[in-house]
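The primary structure of each chain is shown beneath.
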Amino acid sequence: TQTAMGGRLLKKWISAPLRELDPIRKRHESVEELLKNKKVRKTLNENLKEIGDLERLISRICTGRATPREVVAVKTSLKKIPELKDLLNQLSVNTLRNISEQLDSLEKIVEKISTAIIDSPPAMINEGGIIRNGFSPELDELRDISLHGKEWIATLQQNERERTGITSLKVNFNNVFGYYIDVSNAHKNKIPDNYIRKQTLVNSERYITPELKEYEDKILNAQEKINELEAQLFNEIRSLVANETEIIQKDAKLIAMLDCFNSFAQCAEEYNYVKPFVDESNKINIVQGRHPVVERILDPGNKFTPNDALLENETQQIILLTGPNMAGKSVYLRQVGLIVLLAQIGSFVPAKEAHIGLVDRIFTRVGASDNITAGESTFLVEMQEAANILNNATSKSLILLDEIGRGTSTFDGISIAWAITEYLHENPDIAAKTLFATHYHELNEMAELFPKIKNYKVEVREYDDKVVFLHKVNPGRADHSYGIQVAQMAGLPLFVTNRAKEVLDNLESKELTPYEIKKERLKKLKSEKDNQISLFEFKDDELRSEIRKMELDKITPLEALNKLSELKNKMRKDD
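Worth saying up front: this structure is predicted, and the values here are computed from it rather than measured.

Asker: Could you clarify how one ought to interpret helix α4 (residues 54-62) in this entry?
Answerer: Helical periodicity: at 3.6 residues per turn, an α-helix aligns residues three or four positions apart in one direction. Turning to α4, its buried residues number three or more, namely L54, L57, I58, R60 and I61. For α4, the angular spread of the buried residues around the axis is 160°, confining them to a single face. In the stretch just after α4, G64 is the one whose phi turns positive, near 70°.

Asker: Would you explain the environment of K570 in this entry?
Answerer: Take K570: it is sitting in helix α21 (residues 557-574). Assessed through its relative accessible area of 27%, K570 is described here as partly exposed. Here K570 is in contact with E542 and E546, once residues within four sequence places are set aside.

Asker: How should the sheet that holds strand β11 (residues 398-402) be read in this particular structure?
Answerer: Whenever strands of a sheet pair, they do so through backbone hydrogen bonds, lying parallel or antiparallel. If you walk across this open sheet you meet the 6 strands as β10-β11-β12-β8-β13-β14, and the pairing is mixed. With one partner strand each, in any of the chains shown, β10 (362-365) and β14 (466-475) form the two edges of the open sheet. Strand after strand, the sheet turns through a mean of 15° between neighbouring axes, direction not considered. Relative to β11, β10 is paired through 4 bridges, and the arrangement is parallel. Of the residues in β11, the one forming a bridge with R365 is L401.

Asker: Sorry, what's going on with the packing of α4 against helix α10 (residues 210-242) here?
Answerer: Helix packing geometry: the angle between the two helix axes and the distance between the axes. Axis separation between α4 and α10 bottoms out at 9 Å; the angle between their running directions is 125°. The angle between the axes of α4 and α10 places the two elements in the oblique class. For the pair α4 and α10, the sense of crossing is left-handed. On the side of α4, the interface is formed by I58, I61 and C62, while α10 contributes R238, V241 and A242. Tallied by class, residues from the contact of α4 with α10 come to 5 nonpolar, no polar and 1 charged.

Asker: So what exactly am I meant to see when it comes to the packing of helix α2 (residues 21-36) against helix α3 (residues 38-49) here?
Answerer: The N-to-C vectors of α2 and α3 enclose an angle of 100°; their axes lie 5 Å apart at closest approach. Of the possible angle classes, the one that applies to α2 and α3 is roughly perpendicular. Listed contacts from α3 to L34, L35 and K36 of α2 are K38, R41 and L44. For the contact of α2 with α3, the residue count by class is 3 nonpolar, no polar and 3 charged.

Asker: How should I be thinking about the packing of aromatic side chains in this particular structure?
Answerer: Aromatic rings in a pair are described by how distant their centres are and how their planes are angled relative to each other. One pass over the full model with this rule turns up 6 aromatic pairs. With a centroid separation of 3.6 Å and 10° between ring planes, the pair formed by W152 and Y215 is classed as stacked. Of this pair, W152 sits in helix α9 (residues 137-164) while Y215 is found in helix α10, placing the two residues 63 residues apart along the sequence. Owing to a relative accessible area of 22%, W152 belongs among the partly exposed residues under this scheme.

Asker: Explanation requested: the side chain of H28 in the structure shown.
Answerer: Relative to the helices and strands, H28 is located in helix α2. Residues within four places of H28 in sequence aside, it is in contact with K275, P276, V278, A343, G346, S347 and F348.

Asker: I'm lost on the pairing of β11 in this one. Help?
Answerer: Along any regular strand the residues' side chains alternate between the sheet's two faces. Across the 5 residues of β11, 5 count as buried, placing the element largely inside the fold. Neither face of β11 is left uncovered, since the one carrying L398, L400 and D402 and the one carrying I399 and L401 both have all their residues buried. What joins β11 to strand β12 (residues 433-437) is helix α15 (residues 410-426), and the crossover it makes is right-handed.

Asker: Is there a simple way to think about unusual backbone geometry in this case?
Answerer: When glycine is set aside, most residues are seen to have a negative phi, and most peptide bonds are trans. A positive phi angle, near 45°, is found at L106, a position not held by glycine. Tracing the chain through its elements places L106 in the loop between α7 (94-102) and α8 (107-116). One non-glycine residue with positive phi stands out, namely Q288, at about 55°. Relative to the helices and strands, Q288 resides in strand β6 (residues 283-289).

Asker: Looking at this model, I keep getting lost on the pattern of salt bridges. Mind explaining?
Answerer: Tallying each qualifying case throughout the model produces 25 salt bridges. Between E32 and K275 there is a salt bridge whose closest N-O contact spans 3.0 Å. In this pair, E32 is assigned in helix α2 and K275 in the loop between α11 (245-271) and β5 (277-279), connecting sequence segments 243 residues apart. Exposure remark for E32: the relative accessible area of 26% places this residue in the partly exposed category. We classify K275 as partly exposed; its relative accessible area is 36%. Ionic pairing is found between E70 and R60, a salt bridge with its closest N-O pair at 2.8 Å. Highlighted residues: E70 in helix α5 (residues 68-79) and R60 in helix α4, separated in sequence by 10 residues.

Asker: Teacher, can you tell me more about the sheet that holds strand β2 (residues 178-184) here?
Answerer: With respect to topology, 4 strands assemble into an open sheet ordered β1-β2-β4-β3, the strand pairing being antiparallel. In this open sheet, the two strands that pair with only one neighbour each are β1 (170-174) and β3 (196-200). With direction set aside, neighbouring strand axes in the sheet form an average angle of 40°. Here α9 sits on the sheet in contact with β1 and β2, set at roughly 140° to β1. Relative to β2, α10 is tilted by about 145°, and along the sheet it contacts β1, β2, β3 and β4 (204-208).

The rules we used
Residues numbered from 1 in each chain as written. Predicted model: local features only at pLDDT ≥ 70, side-chain atom pairs only at ≥ 80, totals over all residues. Heavy atoms only, no water. Buried < 20%, exposed > 50% of the residue type's maximum accessible area, 1.4 Å probe, protein only. Helix = DSSP H or I, 4+ residues; strand = E, 2+ residues; numbered from the N terminus. Arc of directions from axis to C-beta. Contact = heavy atoms within 4.5 Å. Pairing = 2+ DSSP bridges. Axes fitted to C-alpha atoms, helices over the stretch in contact; angles between N-to-C directions. Parallel < 35°, antiparallel > 145°, perpendicular 65-115°, else oblique. Left-handed = near helix turned anticlockwise from the far one by under 90°. Nonpolar A, V, L, I, M, F, W, Y, C, P; charged D, E, K, R; others polar. Phe/Tyr/Trp six-rings, centres within 6.5 Å; stacked < 30°, edge-to-face > 60°. Right-handed = clockwise from strand over helix to strand, strands pointing away. Salt bridge = Lys/Arg side-chain N within 4 Å of Asp/Glu carboxyl O.

Rendered as structure tokens:
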């Protein structure tokens, strides 16, 4: 978004998606229209950038805290409204045309602010210089006095000399008497009747006139009066703007809505989003869906793998998703949830096609967290989340379960996960569309027992005891979780992962290793590890010491190759 109001509204839309079909479709139509009209969208973007935070500005104006710059910002923002209206009138969608009709540019207020306040006023009222010349005759006179006081005194002095014939007459100023007319004793007989004696000196006398006294008051108090008058005039303008609060707030909401539509259209073009088809059905069908966040943050060269998703209350209500860690199960769950959410806030979605049956709520049981201060374990928090879902979901809901039953014994966990899945399938009131990612492969058997449960897996390939993640979701069931391979990738010691494979083989064959055999195997594994020759074994102190002494910054490539050859020959001798 380009405006502060648009940013706040976008957050509000994301946190409270729509649940009624008509307003969702109106938003989609508006976004589609703006997407088609790139030129209009670009010009809208440029105009929106110049609009201030009208909601915040008008609240400050109403509370009497707005500065001159903030009042001018209101004017600048309102001046953009006629341009926005002209642009929107070029479009055909009713929602956008209604925005144009409802926007009020408040031309009289704009004109008043333009006439009264300069374009770049100071930050604070008491700094002065806020009101334009020509707006207030009284203020103009005071400014003229303040700026041209010396000129007036010089003119008065010249006029008095000519009128009285006293060529040595002077108009001066001191802090005690203020302004006065100084006449030497030689010209006492020429003093006019309107001169009032103020002070007698040895060689001269000082006088004042009513005209000089009046002007003295004006000069001495001019700046103070200017500040008072400017503050008064500014407050009057601020009050006039405050009277239009309701209209300005309405304008702000309409501009925010337009900003969001424009943002959705811009994202649709830049990120290749499509218009979803939204209806009242119980079906979610996404073709080549993508995660809107993950696809934007992937390293250059890494392309996001899109996936389909089909959920239907009548035939495919629950998908059991299995596959190894790091294969992308959680991303798949989240992308389906986010695509539904984006569709119901009025945005286009990251997919090739999307048919979204209206969802009343999205429930998630994702991640692991505890609440230690309340004495709640990770497992208890997980069960509380599951309970919230089962107690509040409806057949129109979307449920995303990323593991259920962890944090307790394996059989307990499988039992709870099975019972929850069965409850969601069998209870018609909460037979919600559900994506359930799990490592409990035993749950795959449910697909044979319950008609609306389907098995899906995330594809992987094994290569030389390593796992290659394909990030592709297809029907079927995963045979392994590949947890040991992932542990190996994380850097667990080879002894641990080798022993884990052995234990896994025993568990899968339901055999127990006798203690003596286990003891012998541990010794064997340990001796194999000790016999491995490594450049960095702790026993090779001599080689390690020699490598430490090498100053890599100071040797040439040729010297480095020679040194490497020398180390290799030493190792051969050790062999």
